[in-house]
Amino acid sequence: MCARLEEVAVLDGHQDRAWTVAWNPTGTVLASSGGDKTIRLWGREGESWVCKTVLEDSHTRTIRSVCWSPCGTYLASGSFDATTCIWDRKSGDYECSATLEGHENEVKCVAWSPSGQLIATCSRDKSVWIWEVSEDEDYECASVLSLHTQDVKHVTWHPHKEILASASYDDTVKLYRESDDDWDCLATLEGHDSTVWGVCFDQSGERLASCSEDKTLKIWQEYLPGNEEGIQTQGSDPTWKCVCTLSGYHKRTVYDVKWCHQTGLIATAAGDDCIRVFQEDESSPDRRNQPQFSLTATAEQAHSQDVNCVAWNPKEAGLLASCSDDGVVKIWRYKDE
């Protein structure tokens, strides 16, 4: 290993497990949520990080997921109470201005599209919902996708296109896109031996990383029709193929994976209480079809319990946030040795 994760800040405040962390688009505010039914917004004051605001009283159960709109004006939160709340601060303080209802039970993840015009939610009810955001800030369900056979753990959007990826307890990743005024499945990625907990795109959107209860990380490559490798595609749809499996590094379930769009580093959060960072070998002779990644940094016992989520700061390269079942949020800095 040729780098380390330096602990920058330990943020205490949640009274139960902390499930998720998400940076606003400018990287100045970190949102965290947890089992205490609150969202905490953290910001810098001088050299330290402090809790600026606590958002509460809108969800009746655990807040499992938070996500900022691309403009940074709105924050969406998904809860085990089966609802998604949209928060804004038009009145000065953050308030829940809309509640999206429809899932039969726990909302596991919420994700805002890069255009800001769509929101995706997923649930233990095995469905993915896509909501349209109108100009007058109404939220209307545009599609209900019930293609997974089990609990859907995670949703994330392609960085440049309106393509959505979902990860499920059915061991698969699915990709969706709009077609003829409805949404359909573009591809199903099979290869994991157990629940897929997380999925994320690289900066180009041509590669995808997935993490699983099978303790592996997989890298998937998109092959467009007419690709020089001769990989078969159907019609105008691309084919996604697993080009690398990282195994033997994690001792327990890998709960989250995030690909840094500035540095290309991949961070993972795992049930062995560790955070790991992987880097691609840029000298590999065939990076497209046989990429190679090495473990460059590990924060052993990063938390005292399972690490649930990691998030790279979108503006400050190498700044990483994490949260855990121990209720603590931490901020780290990736440093080359």
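Further up the page is the structure itself.
Figured I'd write up the structure that's included with this text.

## What to know about the sheet that holds strand E1 (residues 3-11)
Here we have four strands laid out as an open sheet, ordered E1-E28-E27-E26, and antiparallel in their pairing. Across the chains shown, the open sheet's two edge strands, defined by having one partner strand only, are E1 and strand E26 (307-312). Here the strands of the sheet are splayed against their neighbours by 25 degrees on average, with no regard to which way each runs. Examined bridge by bridge, E26 and strand E27 (residues 319-324) share five bridges and lie antiparallel to one another. Of the residues in E27, the one forming a bridge with Ala-311 is Ala-321.

## Comments concerning the nonpolar core
The nonpolar side chains of soluble globular proteins are, as a tendency, buried together. Leu-217, Ile-219, Val-257, Trp-259, Ile-266 and Phe-293 are the most contacted members of the largest nonpolar core, which totals 19 residues. At the level of elements, strand E18 (196-201), strand E19 (207-212), strand E20 (217-223), strand E21 (239-246), strand E22 (254-259) and strand E25 (293-299) are the ones that each hand at least two residues to this core. At four residues, the largest contribution of residues to this core is made by E22. Counting 17 residues, the second largest nonpolar core, distinct from the first, contains Val-277, Ala-299, Val-310 and Tyr-334.

## Looking at the layout of surface pockets
In this structure, the largest pocket encloses a volume near 1300 Å³. Lining of the largest pocket is provided by 47 residues; of these, Trp-23, Cys-67, Thr-156, Lys-258 and His-261 occupy positions nearest its centre. Counting residues per element, the ones that place at least two in the lining of the largest pocket are strand E2 (18-23), strand E6 (63-68), strand E10 (107-112), strand E14 (152-157), E18, E22 and E26. Here the lining of the largest pocket is built from residues that sort into 28 nonpolar, 14 polar and five charged.

## Describing the packing of aromatic side chains
On inspection of all chains with the given rule, the structure shows ten aromatic pairs. Ring centres of Trp-197 and Tyr-255 lie 4.8 Å apart, and the angle between their planes is 85 degrees; this geometry places the pair in the edge-to-face category. Within this pair, whereas Trp-197 is found in strand E18, its partner Tyr-255 is found in strand E22, the two being separated by 58 residues in sequence. For the pair Trp-197 and Tyr-255, a shared accessibility class is recorded, and that class is buried. Centroid distance Tyr-249 to Phe-278: 5.1 Å. Interplanar angle 80 degrees. Geometry classified as edge-to-face. Taken as a pair, Tyr-249 in the loop between E21 and E22 and Phe-278 in strand E24 (residues 275-280) lie far apart in primary sequence, 29 residues in all. The cationic tip of Lys-153 hangs over the ring face of Trp-197; the distance from NZ or CZ to the ring centre is 4.3 Å.

## Describing the sheet that holds strand E5 (residues 48-55)
One open sheet accounts for four strands, arranged E2-E3-E4-E5; its pairing is antiparallel. Lying at the two open borders of the sheet, with one neighbouring strand each, are E2 and E5. Averaged over all adjacent pairs, the angle separating strand axes in this sheet is 25 degrees, with direction ignored.

## So, a negative patch on the surface
A cluster of acidic residues, Glu-132, Glu-135, Asp-136, Asp-138, Glu-140, Glu-178, Asp-180, Asp-181, Asp-182 and Asp-184, forms a negative patch at the surface. Structurally, Glu-140 is set in strand E13 (residues 139-145). A relative accessible area of 56% means that Glu-140 is categorised as exposed.

## Here we look at the pattern of salt bridges
For the structure shown, the criterion picks out 19 salt bridges. One network of salt bridges, in which partners are shared, links Arg-4, Glu-6, Lys-335 and Glu-337.

The rules behind each value
Residues numbered from 1 in each chain as written. Predicted model: local features only at pLDDT ≥ 70, side-chain atom pairs only at ≥ 80, totals over all residues. Heavy atoms only, no water. Pairing = 2+ DSSP bridges. Helix = DSSP H or I, 4+ residues; strand = E, 2+ residues; numbered from the N terminus. Axes fitted to C-alpha atoms, helices over the stretch in contact; angles between N-to-C directions. Core = buried A, V, L, I, M, F, W, Y, C linked by side-chain atoms within 4.5 Å. Buried < 20%, exposed > 50% of the residue type's maximum accessible area, 1.4 Å probe, protein only. 1 Å grid on protein atoms, 1.4 Å probe; cavity = no way out; pocket = protein on both sides within 12 Å on 5 of 7 lines; lining within 4 Å. Points joined across faces, edges and corners; volume = space filled by probe spheres on them. Nonpolar A, V, L, I, M, F, W, Y, C, P; charged D, E, K, R; others polar. Phe/Tyr/Trp six-rings, centres within 6.5 Å; stacked < 30°, edge-to-face > 60°. Lys NZ or Arg CZ within 6 Å of the ring centre and 35° of its normal. Patch = residues over 30% accessible without salt bridge, like charges linked within 9 Å, V, L, I, M, F, W, Y side chains within 5 Å. Areas by Shrake-Rupley, 256 points an atom, 1.4 Å probe, with all protein chains shown as cover. Salt bridge = Lys/Arg side-chain N within 4 Å of Asp/Glu carboxyl O. Lys, Arg positive; Asp, Glu negative; His and termini not counted. Charge placed at Lys NZ, Arg CZ, Asp CG, Glu CD.

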